[in-house]
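Examining the three-dimensional arrangement
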Amino acid sequence: LGAHFKYKGKHELVAKKYKQIFIENGIAFPEHHPKFSPKKGISGANWEILSRNHEFLTQQYHRWYPQHKKIIPRDLVLSPLTMKHWYYGDGCLCYVYHRVETINLATHCFSFDDIDFLQELLLCTGISDSRKSRDRSQYAITIRKTQLPAFFNYIGNCDFECYDYKFIMDNRPLYNLHKNCC
């Protein structure tokens, strides 16, 4: 059994960047990737990349999905890059009356113990005021407005123009936005 990397999203440049990072680390992709998938439906059209199976990816699969159930590995390091990509993929600014009040980080598939562990990791980064918030029948991590400067200082600038909207608060950029076209 081997594992591969799969990205499916709306932004060609993001797909190409992920492919470049993996190729630089010895993970191969078919020549025709990224490819555009004009599928109709809920998710609409997407760019997709799919790597070939690789030993490192297989190790990561077993680290994150022991017994095929997703967990937070206890050796996880919540680096600025890790947190930035978590925010890109599963984070959002939450508005009340057109003003940003919080950031939500999705943790819906994780256990309470895993969410508590992630909150401890956030504390180690200097983000001291996070809490579990209920989102339907599951929970997310909410970072309160007072901690937004610490959060954005930790993760740094936006790397992709297509994610700039996640770095704008009250109609103004939070920090200098590094622009790449998506």
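Structure: see above.
To keep things clear, this report deals only with the structure shown in the data block. (Residues numbered from 1 in each chain as written. Predicted model: local features only at pLDDT ≥ 70, side-chain atom pairs only at ≥ 80, totals over all residues. Heavy atoms only, no water.)

Attention now moves to the overall build of the protein chain. Across its full length, the protein chain carries five helices and nine strands. The order of helices and strands in the protein chain, counted from the N terminus, is β-α-β-β-α-α-β-β-α-β-β-α-β-β. Across the 182 residues in the protein chain, those meeting the buried criterion constitute 40%. Nonlocal contacts in the protein chain, meaning residues at least 24 apart in sequence, comprise 54% of its contacts between residues at least 6 apart. Carbon and sulfur atoms make up 54% of the accessible area of the protein chain, which totals about 10,900 Å². (Helix = DSSP H or I, 4+ residues; strand = E, 2+ residues; numbered from the N terminus. Buried < 20%, exposed > 50% of the residue type's maximum accessible area, 1.4 Å probe, protein only. Contact = heavy atoms within 4.5 Å. Areas by Shrake-Rupley, 256 points an atom, 1.4 Å probe, with all protein chains shown as cover.)

As a further point, take unusual backbone geometry. For Q67, which is not glycine, the phi torsion reads 55 degrees and is therefore positive. Positive phi, close to 65 degrees, is recorded for H68, a residue that is not glycine. One can find H68 in the loop between α2 (55-64) and α3 (80-90).

This paragraph deals with the environment of N153. Mapped onto the secondary structure, N153 falls in helix α5 (residues 148-155). Among the residues examined, N153 registers a relative accessible area of 55% and is labelled exposed. Sequence separation of N153 and P80 is 73 residues, and the distance between their C-alpha atoms is 9.1 Å.

Here we take up the pattern of salt bridges. Note that side chains of opposite charge can pair when their charged atoms are close. Evaluated as defined, the whole model comprises six salt bridges. Between R74 and D114 there is a salt bridge, with the nearest N and O atoms lying 2.8 Å from each other. You can see R74 sitting in the loop between α2 and α3 and its partner D114 sitting in helix α4 (residues 112-124), a full 40 residues away along the chain. Accessibility expressed as a relative area gives 6% for D114, which makes it buried. (Salt bridge = Lys/Arg side-chain N within 4 Å of Asp/Glu carboxyl O.)

Tracing the sequence through the fold places F117 in helix α4. Placed 43 residues apart in sequence, F117 and R74 show a C-alpha to C-alpha distance of 7.9 Å. Dropping the residues within four chain positions of it, F117 is found in contact with I72, P73, R74 and L76.

Before going further, it helps to examine the packing of α3 against α5. α5 packs onto α3 with a crossing angle of 115 degrees between their chain directions and a minimal axis gap of 8 Å. When the axes of α3 and α5 are compared, the pair comes out roughly perpendicular. Contacts between α3 and α5 pair P80, M83, K84 and Y87 from the former with F151, F152, Y154 and I155 from the latter. In terms of residue class, the contact of α3 with α5 is built from seven nonpolar, no polar and one charged. (Axes fitted to C-alpha atoms, helices over the stretch in contact; angles between N-to-C directions. Parallel < 35°, antiparallel > 145°, perpendicular 65-115°, else oblique. Nonpolar A, V, L, I, M, F, W, Y, C, P; charged D, E, K, R; others polar.)

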